[in-house]
Amino acid sequence: MSHPSKTHAWAGDLPLLVSTPRTIIRARLDAFLPDAGDAQRRAWDEELDILQAEGAKVIALHPQTREHAAVLEYTLPREAGRRPDVVVLQNGRVVVVEFKQTGQLRRADLDQAAAYARDLAGYHTGCDGLEVVALLVLCGARALSRQVDGVFVVPAAELARKLVELAREGDGPPPDLSRFLEGEYAPLPTLVAAARMLFDNLPLPHIKRARSAGVHRAVDRILGESRQVWDQQTRRLVLVTGVPGAGKTLVGLQVAHSAALEHGFSFGTGRRRRGAPATFLSGNGPLVQVLQHALQSATFVQDMHRYIREYGLEHPDRVPTERLIVFDEAQRAWDQAKIADFYGKKLPNLDPAAFASEPELLTRIADRLPHGALVLALVGQGQEIHTGEEGGMVQWAEALARTRQPWSVLGPPQQAPLFASRGVAFEADPTLNLDTGIRYHAAEELHRWVELVLDAQDLPAANAVANRLRAAAFPIYVTRDLAAARGYLRDRFLGEPLRRYGLLASSKSERHLSDYGLDTGFQATKRIRIGEWFNADPSHPRSCCQLDSVVTEFQCQGLELDLAVVCWSDDLWWQADAWQSRQPYRRNPLIRDPHRLRTNAYRVLLTRGREGLVLYVPPAPAAQMDATHAALLSAGAEPARGYAERAAG
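Predicted model, so just to flag it, every value in this text is computed and none were measured. (Residues numbered from 1 in each chain as written. Predicted model: local features only at pLDDT ≥ 70, side-chain atom pairs only at ≥ 80, totals over all residues. Heavy atoms only, no water.)

**Quick word on the overall build of the protein chain**
Okay, step 1: For the protein chain, the helix and strand inventory stands at 25 helices and 23 strands.
Okay, step 2: Of all 649 residues assigned to the protein chain, the portion counted as buried reaches 61%.
Okay, step 3: Counting contacts in the protein chain only where the partners sit at least 6 residues apart, residues at least 24 apart contribute 73% of the total.
Okay, step 4: Accessible surface computed for the protein chain: about 25,400 Å², of which carbon and sulfur atoms make up 50%. (Helix = DSSP H or I, 4+ residues; strand = E, 2+ residues; numbered from the N terminus. Buried < 20%, exposed > 50% of the residue type's maximum accessible area, 1.4 Å probe, protein only. Contact = heavy atoms within 4.5 Å. Areas by Shrake-Rupley, 256 points an atom, 1.4 Å probe, with all protein chains shown as cover.)

This is the structure in structure tokens:
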């Protein structure tokens, strides 16, 4: 019996699929997607002919498949526009079938099918304990049967043979159709989507990977600590460390939001205090702008520098309403020299003795709070990309050693020596170190690949990691053709309006990339409305999906795209088995290690994508770019070859 639903067009067992008049199924498809264009309707007609003819062959060749079921146009919940053409429920296996009206194998189609299988396996409760495989059906002439990167590719005439082969290999009973259709699909939301859900008081999906990565345990530990701080009126610095993409910012947003809802208003007075008891502060201006644009609010997320200026410099006696302060990317806190350089001209009447590092200014502010304070510092790895950010966590230890009020620290064990050596009480809790990436769909090793490429410069080891990433449906491509890269992104996310993809480049690439139509100059990037760039609909002229404007490491740090094209420049190139960099900061006395800032810039750029990565290496200057291209190939990046047909061998 067919199961009408808002989540799919048609569902039933294989005999019902074969015997139902095609006009009835087609009417279901039309009603399910009334805005479908002529091309989609023609594709449905061809697919239904193939499904009914090949389905009859499947039943004849393997009668046990009469118990198997199929779902047409299953829409992945909360991911508007993502619909596998057919989902087949076999013996202990789920087969995702995607049709393409071509005989040519294109990388975009291959990656789309692999992503459907990956996400159903990772996020759908109806697939728990089941193998999920991707099957790409090419309906055009001269299509070849093969397996590429874990995806089975067959001509339409061989669909039945492949389904029977998979059915005979399957182990276990077929999944129950109703149970599959009623199963929960809970993908990890993007940072912006998560902030919207929190702001609207909607529950965040508790997906398996976020649980296994320790995000929820960390949030619970911090909230418990905050309640103890309020009860005892103490002062506590809590550190959360983690690899890029491990969910640190998500932890901070959840803690700030939960603390604002749960407690902190009365502080034992019995009267509700004015203002919010928690705030999320970031010195990352673009991150603040993107979140404020998405939330249409400037209170939930605030600019760190304005907060420091308000309460730490201009009004050093003013007491803020917040009692829980989240500092995102705490390892990038400005040092005293940067504060003096930045604010010296803006506040010429200020006593120079007032200038201190951001950690010290923040702890001075928290010292004034009469009922205790908790500062949550989110600490990344290798993300220092600007002047004044090289002081690292030492500044926090030194700031606490000089506070007027007694402070203690809760954090991961590896941070203990830094604080203990300065006489600051430290409690260790490994729960607060997030070492598993969750930003990247089933590709937790991306940060390891980037580390091997940029730091260890061990390209053979990086190659092995890239192969594992590819097997987890996280491809890494390298191309010398920017038009091909743009074409791949547009094809890959065609018809998926919630997806975001765009061009990224180093802030020091203007002189080089301008020759290729990419303007990364200060004035050009300043004109970008970064909130719209990340949030606007793909059809909006200022959307990142237009692929005509480029943002740099300063604008994308802490944010994410589904897929990014990183445009490599001649500020970092491969030579003699090591990375070399131009030294644009040579005359700046605030810079300690310019090469480290360059590699960190690329570390940020290379870790923005959730679905994959495309590296564009321009043709010139040949000596630098040819060697860089060769190095990235050695590190496991796959040559694009126009993103089209791959040789069978």
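Now that the structure has been shown, the text picks up again.
**As for the side chain of Lys248**
Okay, step 1: Relative to the helices and strands, Lys248 is located in helix α10 (residues 248-262).
Okay, step 2: No salt bridge forms around the buried Lys248; measuring N to O, its nearest opposite-charge neighbour Glu329 is 5.4 Å away.
Okay, step 3: Within the structure, Lys248 has its side chain in polar contact with the backbone oxygen of Gly242 (distance 3.4 Å).
Okay, step 4: Sequence-distant contacts of Lys248, that is, excluding residues within four places in its chain, are made with Val240, Thr241, Gly242, Val243, Leu378, Val379, Gly380 and Leu434. (Lys, Arg positive; Asp, Glu negative; His and termini not counted. Salt bridge = Lys/Arg side-chain N within 4 Å of Asp/Glu carboxyl O. Polar contact = N/O pair within 3.5 Å; in protein donor to acceptor, adjacent residues only side chain to side chain.)

**Thoughts on the nonpolar core**
Okay, step 1: Counting residues in each nonpolar core, the largest one holds 101 residues, and the members touching the most others are Leu376, Trp449, Ile476, Trp533, Val565, Trp568 and Leu615.
Okay, step 2: For this core, the leading source of residues is helix α9 (residues 215-232), giving seven residues. (Core = buried A, V, L, I, M, F, W, Y, C linked by side-chain atoms within 4.5 Å.)

**Comments concerning the sheet that holds strand β19 (residues 561-567)**
Okay, step 1: Taking strand neighbours across the sheet as the criterion, the six strands line up as β18-β17-β19-β22-β16-β23 in an open arrangement whose pairing is parallel. Across the chains shown, the open sheet's two edge strands, defined by having one partner strand only, are β18 (550-551) and β23 (638-639).
Okay, step 2: As paired elements, strand β17 (residues 501-505) and β19 share five bridges and run parallel to each other. Bridge pairing in β19 links Gly502 to Ala564. (Pairing = 2+ DSSP bridges.)

**As for helix α19 (residues 482-492)**
Okay, step 1: For α19, every residue scored as buried is listed here: Leu482, Ala484, Ala485, Arg486, Tyr488, Leu489 and Arg492.
Okay, step 2: For α19, the elements touching its buried residues are α4 (107-123), β16 (476-479), β17, β19 and β22 (609-616).
Okay, step 3: Put simply, Asp481 is the residue that caps the front of α19, since its side-chain oxygen is 3.0 Å from the backbone nitrogen of Ala483.

**Details of the packing of aromatic side chains**
Okay, step 1: By the definition in use, this model includes 14 aromatic pairs.
Okay, step 2: Each ring, one from Tyr516 and one from Tyr616, has its centre 6.4 Å from the other, and the planes form 80 degrees; the classification is edge-to-face. A residue pair is termed long-range when its members are at least 10 positions apart, and Tyr516 in the loop between α20 (510-513) and α21 (522-527) and Tyr616 in strand β22 qualify at 100 residues.
Okay, step 3: With a relative accessible area of 2%, Tyr616 lands in the buried category.
Okay, step 4: Taken together, the aromatic side chains of Trp568, Trp574, Trp579 and Tyr602 make up a single cluster linked through ring pairs.
Okay, step 5: Taking NZ or CZ as reference, Lys346 lies 4.8 Å from the ring centre of Phe342, over its face. (Phe/Tyr/Trp six-rings, centres within 6.5 Å; stacked < 30°, edge-to-face > 60°. Lys NZ or Arg CZ within 6 Å of the ring centre and 35° of its normal.)

**A word on the sheet that holds strand β2 (residues 69-72)**
Two strands in a sheet stick together by hydrogen bonds in their backbones, pointing the same way (parallel) or opposite ways (antiparallel).
Okay, step 1: Spatially, seven strands are ordered β1-β2-β3-β4-β5-β7-β6 in an open sheet, and the strand pairing comes out mixed. Edge positions in the sheet fall to β1 (10-13) and β6 (146-148), since each has one partner strand and no second. Mean inter-strand twist for the sheet, computed between neighbouring axes without regard to direction, equals 20 degrees.
Okay, step 2: Relative to strand β5 (residues 131-138), α4 is tilted by about 155 degrees, and along the sheet it contacts β3 (86-90), β4 (93-100), β5, β6 and β7 (151-155). (Axes fitted to C-alpha atoms, helices over the stretch in contact; angles between N-to-C directions.)

**Some points on unusual backbone geometry**
Okay, step 1: Between Ala620 and the following residue, Pro621, the backbone shows a cis peptide bond with an omega angle of -5 degrees.
Okay, step 2: Position of Pro621 among the secondary structure elements: in the loop between β22 and α25 (622-634).
Okay, step 3: Of note in the backbone geometry, Glu73 takes a positive phi value of approximately 55 degrees without being a glycine.
Okay, step 4: Along the chain, Glu73 turns up in the loop between β2 and β3.

**Some words on the side chain of Thr20**
Okay, step 1: Tracing the chain through its elements places Thr20 in the loop between α1 (14-19) and α2 (22-32).
Okay, step 2: Assessed through its relative accessible area of 11%, Thr20 is described here as buried.
Okay, step 3: Residues contacting Thr20, with those up to four places away along its chain left out, are Trp10, Ile25 and Gln52.

**Some thoughts on the pairing of strand β12 (residues 373-379)**
Okay, step 1: A large share of β12 lies buried, amounting to seven of its seven residues.
Okay, step 2: Burial along β12 is two-sided: Ala373, Val375, Ala377 and Val379 facing one way and Leu374, Leu376 and Leu378 facing the other are all buried.
Okay, step 3: Here seven bridges tie strand β8 (residues 235-242) to β12, and the two strands are oriented parallel to one another. The residue of β12 that forms the bridge with Leu237 is Val375.

**Considering the state of the cysteines**
Okay, step 1: Under the definition given, this model contains zero disulfides.
Okay, step 2: The closest cysteine sulfur to the non-disulfide-bonded Cys545 is located on Cys544, 4.0 Å from its own sulfur.
Okay, step 3: Accessibility expressed as a relative area gives 4% for Cys545, which makes it buried. (Disulfide = S-S within 2.5 Å.)

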